[in-house]
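# What the coordinates show
Below, each chain spelled out in residue letters.
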Amino acid sequence: MKIIIVGASGTMGKYLSNAFEKEHEVIKAAANSGDIRVDITSVESIENLYKQAGAFDALINTAGPTYVGPWKKMADKEFRKGVDGKMMGQINLVLIGQHYINPKGSFSLITGALTHDPQLNFANASAANGAVEAFVRAAAIELENGIRINAVSPTVIEDSPQYFPYFPGEMPVTMRQLEYAFRKSVFGANTGQVIKP
Ligand SMILES: NC(=O)c1ccc[n+]([C@@H]2O[C@H](COP(=O)([O-])OP(=O)(O)OC[C@H]3O[C@@H](n4cnc5c(N)ncnc54)[C@H](OP(=O)(O)O)[C@@H]3O)[C@@H](O)[C@H]2O)c1
């Protein structure tokens, strides 16, 4: 299978790239490194990503920039980081990618437990996650040619200890659990689902 992983240089993306490239052709993309550079806040850059990658079977996205910080410092400019990044970045990866993906291909997007379980400083991510999850359900009934779409929604992950203090009482998701949630999305039959590792 030919799999594009966007966000491949990040904590999740690195782990998933290592796991999937043992069995599949993986094209790694990120903002500043990778086989292909992409800025998911730019539709031109996303078009360029797909043109360079050519037809593919699965898109895994783990890039989802958001504003993390105190509520009092958040205004329109800060909030748009998640709107342009985690929300529209992921939506545009699908809207544009549907014209390049092979029949029966799949899109796997990233959201997070913050959708339903807010934490201080993360309102921007909560809102972007909610929009992406609603988009996933809507896109699943529109996509043609057997193309599937799901979101993976973990709580804080074990390789991100810097976030543990922000998620009191949350048992971190292991990297292997995260990998298997993405495996379910990419290799399973489900569509329109929010998969919780
Ligand atoms: N870490 C957690 O515990 C956790 C838990 C639940 C959900 N999440 C969500 O999962 C996502 C990934 O988390 P992570 O910890 O793996 O993040 P990370 O380590 O910060 O990695 C982010 C990745 O996204 C890329 N990226 C950032 N902005 C981009 C842009 N505009 N265009 C293209 N690529 C861009 C980065 O590329 P460069 O390295 O080149 O900048 C990097 O590859 C985030 O949306 C986060 O909210 C994380």
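Details of the structure are given in the entry above.
My aim in this report is to walk through the structure given alongside it, one point at a time. (Residues numbered from 1 in each chain as written. Predicted model: local features only at pLDDT ≥ 70, side-chain atom pairs only at ≥ 80, totals over all residues. Heavy atoms only, no water.)

Looking now at helix α2 (residues 43–53). Among all positions in α2, only Ser-45, Ile-46, Leu-49, Tyr-50 and Ala-53 are buried. An end-on view of α2 places all buried positions within 135 degrees of arc, on one side of the element. For α2, the exposed residues lying more than 90 degrees away from the buried face are Glu-44 and Lys-51. Where α2 ends, the next residue or the one after it, Gly-54, has phi of about 75 degrees, a positive value. (Buried < 20%, exposed > 50% of the residue type's maximum accessible area, 1.4 Å probe, protein only. Helix = DSSP H or I, 4+ residues; strand = E, 2+ residues; numbered from the N terminus. Arc of directions from axis to C-beta.)

The geometry of helix α3 (residues 76–97) relative to helix α4 (residues 123–140) is characterised by a closest axis approach of 8 Å and an angle of 20 degrees between their N-to-C directions. Viewed along their axes, α3 and α4 adopt a mutual orientation that is roughly parallel. Where α3 crosses over α4, the handedness of that crossing is right-handed. From α3, Glu-78, Phe-79, Lys-81, Gly-82, Val-83, Lys-86, Met-87, Gln-90, Ile-91, Val-94 and Leu-95 reach across to α4, where they touch Ala-123, Asn-124, Ala-127, Ala-128, Asn-129, Ala-131, Val-132 and Phe-135. (Axes fitted to C-alpha atoms, helices over the stretch in contact; angles between N-to-C directions. Parallel < 35°, antiparallel > 145°, perpendicular 65-115°, else oblique. Left-handed = near helix turned anticlockwise from the far one by under 90°. Contact = heavy atoms within 4.5 Å.)

What follows covers the nonpolar core. Side chains of a nonpolar character, in soluble globular proteins, are inclined to be buried together. Residues Ile-4, Val-6, Leu-49, Tyr-50, Phe-107 and Ile-149 are the most contacted members of the largest nonpolar core, which totals 30 residues. In this structure, Val-26, Ile-110, Leu-178 and Val-186 belong to the second largest nonpolar core, which totals 19 residues. (Core = buried A, V, L, I, M, F, W, Y, C linked by side-chain atoms within 4.5 Å.)

With that out of the way, let us pick up the site of the ligand. Near the ligand, the surroundings consist of 25 residues, among which Ser-9, Thr-11, Asn-32, Thr-62 and Ser-160 are the closest. Measuring from a nitrogen atom of the ligand, one finds a side-chain N or O atom of Asp-39 at 3.1 Å. A distance of 2.9 Å separates a nitrogen atom of the ligand from a polar atom in the backbone of Ile-40. In the complex, the protein chains occlude 77% of the 910 Å² of accessible area that the ligand would expose alone. Here the residues of the shell around the ligand are counted per class, giving 13 nonpolar, 10 polar and two charged. (Near = heavy atom within 4 Å. Polar contact = N/O pair within 3.5 Å; in protein donor to acceptor, adjacent residues only side chain to side chain. Areas by Shrake-Rupley, 256 points an atom, 1.4 Å probe, with all protein chains shown as cover. Nonpolar A, V, L, I, M, F, W, Y, C, P; charged D, E, K, R; others polar.)

The buried fraction of strand β6 (residues 148–152) amounts to five of the five residues, a majority that puts the element mostly inside the structure. Judged by which residues are buried, β6 turns out to be covered on both faces: Arg-148, Asn-150 and Val-152 on one side and Ile-149 and Ala-151 on the other are all buried. Here strand β5 (residues 101–110) pairs with β6 via five bridges, running parallel. Counted as the bridge partner of Ser-108 is Asn-150 from β6. Taken together, β5, α4 and β6 constitute a β-α-β crossover, and its handedness is right-handed. (Pairing = 2+ DSSP bridges. Right-handed = clockwise from strand over helix to strand, strands pointing away.)

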